[in-house]
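# Close look at the chain arrangement
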Amino acid sequence: MNKDRLQKIESAGFVLKPDSPEIKPIFQEIRKLFEERGIRVALAERSAAMIGERGTPFEKMCEESDFLVSLGGDGTLLSLVRRSYPWHKPVVGINAGNLGFLADVTIEEVPIFLDQLFDGRYRIDCRLMIAGHIEKASGAKVEFFALNDVVVSSPIPSKMVIVNASIEEERFNTYRGDGLIISTPTGSTAYNLAAGGPVVYPLTRAFILTPVLAHSLTNQRPLVVPADFAIELDTEKYEAIATIDGQERYEIEEGDRVFISVAKEDARLLHRQERNYFSVLRDKLHWGDRNW
Ligand SMILES: NC(=O)c1ccc[n+]([C@@H]2O[C@H](COP(=O)([O-])OP(=O)(O)OC[C@H]3O[C@@H](n4cnc5c(N)ncnc54)[C@H](O)[C@@H]3O)[C@@H](O)[C@H]2O)c1
Ligand SMILES: Nc1ncnc2c1ncn2[C@@H]1O[C@H](COP(=O)(O)OP(=O)(O)OP(=O)(O)O)[C@@H](O)[C@H]1O
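Quick caveat, the model's predicted, so the values are computed rather than measured. (Residues numbered from 1 in each chain as written. Chains lettered and ligands numbered in written order. Predicted model: local features only at pLDDT ≥ 70, side-chain atom pairs only at ≥ 80, totals over all residues. Heavy atoms only, no water.)

## Regarding the UniProt feature "binding site: NAD(+)" (unreviewed entry) in the protein
In this structure's numbering, the residues bearing the UniProt feature "binding site: NAD(+)" (unreviewed entry) are Asp74, Gly75, Asn148, Asp149, Lys159, Arg176, Asp178, Leu213 and Gln247. These annotated residues cover 174 residues of sequence, and their C-alpha atoms reach 29.7 Å apart at the extreme, placing them across more than a single site. With respect to the helices, strands and loops of the structure, Asp149 is situated in strand β9 (residues 149-153). Overall, Asp149 belongs to the buried group, its relative accessible area being 5%. Dropping the residues within four chain positions of it, Asp149 is found in contact with Ile181, Ile182, Ser183, Ala190, Tyr191, Thr243, Ile244, Asp245 and Gly246. Tracing the backbone through its elements, the reader meets Gln247 in the loop between β15 (240-244) and β16 (248-252). Discounting chain neighbours no more than four positions away, the residues touching Gln247 are Gly75, Leu78, Ser79 and Arg82. Within the local environment of Gln247, its side chain forms a polar contact with the backbone oxygen of Gly75, the two atoms lying 2.8 Å apart. (UniProt positions renumbered as here; feature names shortened; annotations may be inferred. Helix = DSSP H or I, 4+ residues; strand = E, 2+ residues; numbered from the N terminus. Buried < 20%, exposed > 50% of the residue type's maximum accessible area, 1.4 Å probe, protein only. Contact = heavy atoms within 4.5 Å. Polar contact = N/O pair within 3.5 Å; in protein donor to acceptor, adjacent residues only side chain to side chain.)

See the structure below:
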């Protein structure tokens, strides 16, 4: 299979921004545009229920769609990429949210995006994903995937956490502070950026370890490591949680271990061909804008 090309452009599966029934007329308009071009549209059950329609079970939709569409903000796209990961379908984000850094097709651009799709003028970017798991002290195991980041922090604001980090089975550092972010290059412009971590071009194969408000006078710098390095975290003394892409939370107790490595398959993000990462940095995050 050529991972850079769509196999067919006959069916699309949609997920809508949660708790936003006001999105219904926008979705209906977009569905019409898809159907006018001969693309069958399925809507995931939960999204359908939100707008009073009958939907398709999420798994069936992923199985049967040539590509998936998130109509919402970056959060809706992150969640769709994670949940649909086992089917490895290309995902495009139509921005009906605020920032739309990842979800980069605007509602107005949908007709032209569809024309370009049929002309072959699109790109599928392979983005590395985190494949992680938590081994509980009890022996239980929880697996997860992340497109942006895994954050180990305190469940209580203004309480500290102590996070021990090992890289390739070698104890490397103990982070004391608000937490530790393990970010992918895709996530480098999210929480990692706010915590002072580097912006990393999204096609780079690396992980970034960035402390959040480290309680230390010995500069706890962000660290970039190759994506094929295995990272292991555990915590001491304080309560902690691991948050996946800002959306899934797991309690971490003393004795639990969090394992982070690169997922076998990349996520596939479908973009307009002319999308340029540096323009997005400028337009959305005001990179280099002297008035900001
Ligand atoms: N201080 C912070 O900046 C902060 C704090 C907590 C979480 N986050 C980030 O929020 C992400 C979850 O996003 P959400 O939209 O579900 O939550 P959210 O609604 O809390 O929004 C967080 C903001 O980050 C933006 N964002 C998300 N992923 C991005 C990316 N890869 N590049 C640039 N901007 C991005 C979103 O558009 C939104 O404006 C987490 O993965 C985490 O990285 C940021
Ligand atoms: N499946 C999901 N599980 C948990 N939270 C979700 C899920 N999908 C979306 N969210 C959350 O819903 C909220 C709103 O969604 P979304 O991020 O798409 O829109 P937004 O905040 O308006 O846009 P943006 O993220 O681009 O600023 C976000 O906080 C997001 O994390």
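## Things to note about the UniProt feature "active site" (unreviewed entry) in the protein
Under the feature "active site" (unreviewed entry), the UniProt entry names Asp74. Take Asp74: it is sitting in helix α4 (residues 74-83). Setting aside residues up to four positions removed in sequence, Asp74 forms contacts with Leu99, Gly100, Phe101, Leu102 and Ala103.

## Some points on the domain arrangement of the protein
Assigned domains within the protein: domain 1 (11-128 + 266-285) and domain 2 (130-262). Placing the centre of domain 1 and that of domain 2 at their C-alpha centroids yields a distance of 28 Å. Summed over both sides, the interface of domain 1 with domain 2 buries roughly 1700 Å², with 67% coming from carbon and sulfur. The largest contributions to the domain 1 side of the interface with domain 2 come from Arg82, Leu128 and Tyr277, which together make up 47% of the buried area. Counting across the domain 1 and domain 2 interface gives 3 salt bridges. We note a salt bridge from Arg82 to Asp245, for which the minimum N-O separation is 3.1 Å. The tally of links between domain 1 and domain 2 comes to 6 residue pairs in polar contact (both at pLDDT 80 or more). Looking at the side of domain 1 that touches domain 2, the elements with two or more residues in it are α4, β6 (122-127) and α7 (277-285). In terms of residue count, the dominant contributor to the side of domain 1 that touches domain 2 is α4 (5 residues). The residue inventory of the side of domain 1 that touches domain 2, partitioned by class, reads 12 nonpolar, 2 polar and 4 charged. (Domains from an automatic or database assignment. Buried area = accessible area lost by both parts, 1.4 Å probe. Salt bridge = Lys/Arg side-chain N within 4 Å of Asp/Glu carboxyl O. Nonpolar A, V, L, I, M, F, W, Y, C, P; charged D, E, K, R; others polar.)

## Quick notes on the site of ligand 1
In the vicinity of ligand 1 lie 16 residues, with Asp74, Asn148, Asp149, Thr186 and Thr189 positioned nearest. At 3.2 Å, a backbone N or O of Gly75 approaches an oxygen atom of ligand 1. Protein chains bury 65% of the 780 Å² of accessible surface belonging to ligand 1 in isolation. Sorting elements by how many residues they give to the shell around ligand 1 places α4 first, with 3 residues. Split by residue class, the shell around ligand 1 holds 7 nonpolar, 6 polar and 3 charged. (Near = heavy atom within 4 Å. Areas by Shrake-Rupley, 256 points an atom, 1.4 Å probe, with all protein chains shown as cover.)

## Overview of the site of ligand 2
Neighbouring ligand 2 are 13 residues, the closest being Lys17, Gly73, Asp74, Thr76 and Ser79. Between ligand 2 and Thr76, the relevant distance is 2.5 Å, taken from an oxygen atom to a side-chain nitrogen or oxygen of the residue. A total of 610 Å² of accessible area belongs to ligand 2 in isolation, and the protein chains cover 64% of it. In terms of residue count, α4 provides more of the shell around ligand 2 than any other element does, 4 residues in total.

## Brief notes about the pattern of salt bridges
Enumeration over the complete set of coordinates arrives at 18 salt bridges. With its nearest N and O atoms 3.2 Å apart, the salt bridge here joins Arg37 to Asp115. Pair noted here: Arg37 is in the loop between α1 (24-36) and β2 (40-43) and Asp115 is in helix α5 (residues 110-118), with a separation of 78 residues, a long-range link. Within the structure, one salt-bridge network assembled from shared partners comprises Arg82, Asp245 and Glu248.

## Observations concerning the pairing of strand β1 (residues 11-16)
Counting buried residues in β1 gives 6 out of 6 residues, a clear majority hidden from the surface. Residue alternation in β1 divides its side chains into two sets, Ser11, Gly13 and Val15 and Ala12, Phe14 and Leu16, and both sets are buried. Pairing geometry for β1 and β2, over 4 bridges, is parallel. Its bridge partner lying in β2, Phe14 is registered against Leu43. Viewed along the sheet, the connection from β1 through α1 into β2 turns out right-handed. Relative to strand β3 (residues 67-72), β1 runs parallel, the two being bridged by 5 bridges. In the strand pairing of β3, Phe14 is matched with Val69. (Pairing = 2+ DSSP bridges. Right-handed = clockwise from strand over helix to strand, strands pointing away.)

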